[in-house]
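# Report on the structure
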Amino acid sequence: MQNIKIQTVAESRATAVDFDNIPLGRTFTDHMFICQYEDGQWQDPEIRPLELIPTHPAAMALHYGQAIFEGMKATVDASGNPMLFRAYDNAARLNFSAARMGMPDFPEELFVEGLKQLVALESSWIPPQEGSALYLRPFMYADEPFIGMRAATSYKFIIIASPAGPFFSKRIRLYAENQYIRAAQGGTGEAKAAGNYAAAIRPTELAKAKGYDQVLWLDAEHHEYIQEVGTMNIFFKIDGHFVTPTLDGAVLDGITRRSVMTLLEDAGYKVEQRRISIKELAKAATEGRLEEAFGTGTAVGIAYIEAIGWGDEVIPLGDSSPVAEQINATLNGIKTGRLEDDHNWMLTV
Ligand SMILES: Cc1ncc(COP(=O)(O)O)c(C=O)c1O
């Protein structure tokens, strides 16, 4: 693997940050990892002070959208040792997205080593409170200046980091979208492609204007089968066991989703991955068989769902999620080293 050249700032800005009051997504650490793809290979990787990047106005990502990203978190244990959660899973998913978008693979060992060295250097930026973390954003985009529709020949892979305070998640309200869609089979929904999020912005704003927090996406063909939420996968507890929509080629394979399925099974619950329609959900709710509903994703961990708006109906989803709360506590406990990491998810930096 290539050596990572490191150039550090003279003085860290971390001392000036109020870690009890971190504006979400707006504070960035001192350094970034950066690597350029040129002449058919990734060139020398570097960690260097965070700075603006000169961009040619014809950079292909700006025109044709070859841009993908990942989202993950570094936490610290009680002794202050930084740790990463399932970093190799994110490396693999980045390359899955890259393949779908006609972009080059990024070497997984270098992805993880870059994260480790960046996190080690920025360890004073990791908020220590349980539920807080250093959010890490690896991303890749086409920076070749070219007007024309083909795969670019030059790319940048960058990792930036942003401290994130604890998410005091209030119960959220979702709007089941029956006009716009997020993804169809054969599209890019199972890739973490920037364009997926661009297309979700307007429907999300419309849902917010109706008093909802996020969009619940339904399938492209029937507008009936539940896919996922904003930036989360979704789970329901019906008749004592858990159901999550199957990965049908249009749903993102969430790493929190995988982890929650494992933890639910560890706790003795059956988890079904299958098609579930909004009609089935509404019926289960009416009949009192829908016991819990929650979203899962890196940003929030687990978000409890209060209600789903669907046409003129509002499907009430109850006001407690005891199993989801227990799973969330387990997940946070593993991430801060308080609980045994039975599945070898944590990687010490
Ligand atoms: C569309 C979408 N679904 C689900 C997720 C949850 O994935 P993960 O648990 O890997 O964060 C995310 C966030 O990455 C997302 O953007």
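Below you will find a few notes about this structure. As the structure is a computational prediction, the values presented were derived from the model and not from experiment. (Residues numbered from 1 in each chain as written. Predicted model: local features only at pLDDT ≥ 70, side-chain atom pairs only at ≥ 80, totals over all residues. Heavy atoms only, no water.)

The next subject is the packing of aromatic side chains. We describe a pair of aromatic rings using the distance from one ring centre to the other and the angle between the two ring planes. Within the structure shown, the criterion is met by 15 aromatic pairs. Between Phe242 and Phe294, the aromatic rings sit 6.1 Å apart at their centres with planes inclined by 65 degrees, giving edge-to-face as the arrangement. Of the two residues, Phe242 sits in strand β14 (residues 241-245) while Phe294 sits in strand β16 (residues 290-297), which places them 52 residues apart along the sequence. Seen from the ring of Phe146, Arg150 lies directly overhead, with NZ or CZ sitting 3.8 Å from the centre. The ring of Tyr225 has Arg275 sitting right over it, with the charged end atom 3.8 Å from the ring centre. (Phe/Tyr/Trp six-rings, centres within 6.5 Å; stacked < 30°, edge-to-face > 60°. Helix = DSSP H or I, 4+ residues; strand = E, 2+ residues; numbered from the N terminus. Lys NZ or Arg CZ within 6 Å of the ring centre and 35° of its normal.)

Around the ligand lies a shell of 16 residues, among which Lys192, Tyr197, Glu228, Thr256 and Thr298 are the nearest. Measuring from a nitrogen atom of the ligand, one finds a side-chain N or O atom of Glu228 at 2.4 Å. Thr256 is positioned with one of its side-chain polar atoms (N or O) 2.5 Å from an oxygen atom of the ligand. Considering the ligand on its own, with 380 Å² of exposed area, one finds that the protein chains cover 97% of that surface. Of the residues assigned to the shell around the ligand, the class counts are four nonpolar, eight polar and four charged. (Near = heavy atom within 4 Å. Polar contact = N/O pair within 3.5 Å; in protein donor to acceptor, adjacent residues only side chain to side chain. Areas by Shrake-Rupley, 256 points an atom, 1.4 Å probe, with all protein chains shown as cover. Nonpolar A, V, L, I, M, F, W, Y, C, P; charged D, E, K, R; others polar.)

Turning next to the pattern of salt bridges. Overall, the coordinates contain 20 salt bridges when judged by the stated rule. Ionic pairing is found between Lys156 and Asp143, a salt bridge with its closest N-O pair at 2.7 Å. In this pair, Lys156 sits in strand β9 (residues 155-164) while Asp143 sits in the loop between β8 (133-142) and β9, placing the two residues 13 residues apart along the sequence. Across the pair Glu228 and Arg182 runs a salt bridge, and its minimum N-O distance is 3.0 Å. Note that Glu228 is positioned in strand β12 (residues 226-229) and Arg182 in the loop between β10 (172-177) and α4 (194-209), a separation of 46 residues in sequence. When its relative accessible area of 3% is taken as the criterion, Glu228 is described as buried. What you see here is one network of salt bridges that share partners, running through Arg86, Asp89, Asp253 and Arg258. (Salt bridge = Lys/Arg side-chain N within 4 Å of Asp/Glu carboxyl O. Buried < 20%, exposed > 50% of the residue type's maximum accessible area, 1.4 Å probe, protein only.)

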